[in-house]
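# Inside the fold
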Amino acid sequence: MANDTTVAVLGTGIMGAAMARNLISAGMEVRAWNRSRGKAAPLEKDGAKVANDPADAARDANFLLTMLSDTDAVEEAVRGGALPALAEDGVWLQMSTVGEVGNERLLRLAADHGVAYVDAPVLGTKQPAEQGQLIVLASGPEEVREQSEQVFGAVGSKTVWLGNAGEGTRLKLVVNNWIVGLLGVLAETVAFAEAIGVDPAKFLETIEGGPLGLPYAQIKGSMMVEEDFPTSFSANLARKDAGLVLDSARAHDLHMRITEPVTARFNEAIQAGHGEEDMAAVYRTARPDRG
Ligand SMILES: NC(=O)c1ccc[n+]([C@@H]2O[C@H](COP(=O)([O-])OP(=O)(O)OC[C@H]3O[C@@H](n4cnc5c(N)ncnc54)[C@H](OP(=O)(O)O)[C@@H]3O)[C@@H](O)[C@H]2O)c1
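A brief structural summary.

### As for the packing of aromatic side chains
Here the structure, examined in full by the defined rule, presents two aromatic pairs. Judged by centre distance (5.1 Å) and plane angle (90 degrees), the ring pair of Trp-92 and Tyr-117 falls under edge-to-face. Here the residue Trp-92 occupies a position in strand 5 (residues 91-94), and Tyr-117 occupies one in strand 6 (residues 116-119), the gap between them amounting to 25 residues. For the pair Trp-92 and Tyr-117, a shared accessibility class is recorded, and that class is buried. Centroid distance Phe-152 to Trp-161: 5.8 Å. Interplanar angle 55 degrees. Geometry classified as tilted. For Phe-152, a relative accessible area of 1% corresponds to the buried category. A relative accessible area of 23% places Trp-161 in the partly exposed class.

Below, the structure is given as structure tokens:
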């Protein structure tokens, strides 16, 4: 069912494309822009208008939704005239993971243009994005929350509203530290099982369904056992997220003695050419013999 809300989606990678499709299904008009046009073009058959540039996408739109790799990418895309092009009461929903410093930069950019800014990173990966089951960690001005809900409701199953813009980002960093640590220890556990002659599939089977058997361990652990890493969340972006955690920890005088070596593992995986594989490919660094 069509409604009269227009959303400019900048960034139609793994997450942005799925989110754009759900916005269309919810009846909103979507104008999609992606740096490499080829990734936005398939959305045309779903009903999106593919824009030539960010300003073209944002012209008179009610919402600007950014879902790009990092702060530099968001800034680069948005600086091209997207903010002044928005409708007068247009709202910027910044949903990429950009960390504390990045969020501050983007918040200032929004303020410079007098545009309301909602910091809204998400939990959930490719499949939850496709199913409209993301969890949105939203923070920003009270007066735009209700209108923002229609977008968040279309891409997610739950919106957690926090306080001022930046609180969503901080909670996201905390969750990301949990994920990065889990991945590191899971990779090493699978490698350890193999090293001492235990079938790692048996390990996953044993913990399944109990308090130790996180669904996440099953998904990522199975990739490691099968040594097949189709990308839901790339190792490059996991490394970026680990770096954002470490930046914040450093700024708050906290030494992360677990996250640091796991981050180094991601560096190793990326240097070995596995950056575009799923983050579970960090396992490869636990089994250097397998390359
Ligand atoms: N995937 C997940 O599971 C997941 C979960 C939660 C949050 N996130 C966050 O969501 C954001 C998007 O992730 P994703 O997995 O969708 O990433 P992705 O598939 O790698 O897509 C990245 C997007 O950023 C664009 N981009 C990169 N550098 C750019 C630049 N300098 N200028 C303009 N565009 C640029 C890419 O354009 P090109 O196509 O031209 O390269 C692409 O549209 C990231 O912040 C990520 O951390 C991801």
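Next comes the rest of the description.
### Regarding the layout of surface pockets
With a probe scaled to a water molecule rolled over the atoms, the places where space remains empty come into view. In this model, the largest pocket occupies a volume close to 1300 Å³. Lining the largest pocket are 46 residues, and of these Ile-14, Met-15, Ser-232, Phe-233 and Leu-237 lie nearest its centre. Taken together, the elements giving at least two residues each to the lining of the largest pocket come down to helix 1 (14-25), helix 4 (71-79), strand 7 (122-123), helix 7 (126-130), helix 9 (167-195), helix 11 (215-226) and helix 12 (235-251). Take the lining of the largest pocket: its biggest share by element is five residues, from helix 9. The volume enclosed by the second largest pocket comes to roughly 180 Å³. Contributing elements (two or more residues each) for the lining of the second largest pocket: helix 9 and helix 12. In terms of residue class, the lining of the second largest pocket is made up of six nonpolar, three polar and two charged.

### A closer look at the pairing of strand 6
Here strand 5 pairs with strand 6 via four bridges, running parallel. Residue pairing in the sheet places Val-91 in a bridge with Ala-116 of strand 6. Handedness of the crossover is the feature at issue here: the chain leaves strand 5, passes through helix 6 (residues 99-112), returns alongside strand 6, and the resulting connection is right-handed.

### As for the packing of helix 9 against helix 12
Direction vectors running N to C along helix 9 and helix 12 enclose 120 degrees, while the axes themselves pass 9 Å from each other. Taken together, the axes of helix 9 and helix 12 are oblique relative to one another. Crossing handedness for the pair helix 9 and helix 12: left-handed. In this structure, helix 9 uses Leu-173, Asn-176, Asn-177 and Val-180 to contact helix 12, whose residues at the interface are Ala-238, Asp-241, Ala-242, Leu-244, Val-245 and Ser-248. Taken together, the residues of the contact of helix 9 with helix 12 break down into six nonpolar, three polar and one charged.

### Quick word on the packing of helix 12 against helix 13 (residues 259-274)
Running from amino to carboxyl end, helix 12 crosses helix 13 at an angle of 150 degrees, the nearest separation of the two axes being 9 Å. In terms of axis orientation, helix 12 runs roughly antiparallel to helix 13. With respect to the hand of their crossing, helix 12 and helix 13 are arranged in left-handed fashion. Contacts from Ala-235, Asn-236, Ala-238, Arg-239, Ala-242, Val-245 and Leu-246 of helix 12 reach helix 13 at Thr-259, Glu-260, Thr-263, Phe-266, Asn-267, Ile-270 and His-274. For the contact of helix 12 with helix 13, the class distribution of residues is seven nonpolar, five polar and two charged.

### Structural notes on helix 4
When we look at burial in helix 4, the residues that qualify are Thr-71, Val-74, Glu-75, Ala-77 and Val-78. All buried residues of helix 4 fall inside an arc of 165 degrees around its axis, so they share one side. Helix 4 presents Glu-76 and Arg-79 as exposed residues on the side facing more than 90 degrees away from its buried surface. Gly-81 sits one or two positions beyond helix 4 and adopts a positive phi of about 105 degrees.

Here is what the cut-offs are and how they apply
Residues numbered from 1 in each chain as written. Predicted model: local features only at pLDDT ≥ 70, side-chain atom pairs only at ≥ 80, totals over all residues. Heavy atoms only, no water. Phe/Tyr/Trp six-rings, centres within 6.5 Å; stacked < 30°, edge-to-face > 60°. Helix = DSSP H or I, 4+ residues; strand = E, 2+ residues; numbered from the N terminus. Buried < 20%, exposed > 50% of the residue type's maximum accessible area, 1.4 Å probe, protein only. 1 Å grid on protein atoms, 1.4 Å probe; cavity = no way out; pocket = protein on both sides within 12 Å on 5 of 7 lines; lining within 4 Å. Points joined across faces, edges and corners; volume = space filled by probe spheres on them. Nonpolar A, V, L, I, M, F, W, Y, C, P; charged D, E, K, R; others polar. Pairing = 2+ DSSP bridges. Right-handed = clockwise from strand over helix to strand, strands pointing away. Axes fitted to C-alpha atoms, helices over the stretch in contact; angles between N-to-C directions. Parallel < 35°, antiparallel > 145°, perpendicular 65-115°, else oblique. Left-handed = near helix turned anticlockwise from the far one by under 90°. Contact = heavy atoms within 4.5 Å. Arc of directions from axis to C-beta.

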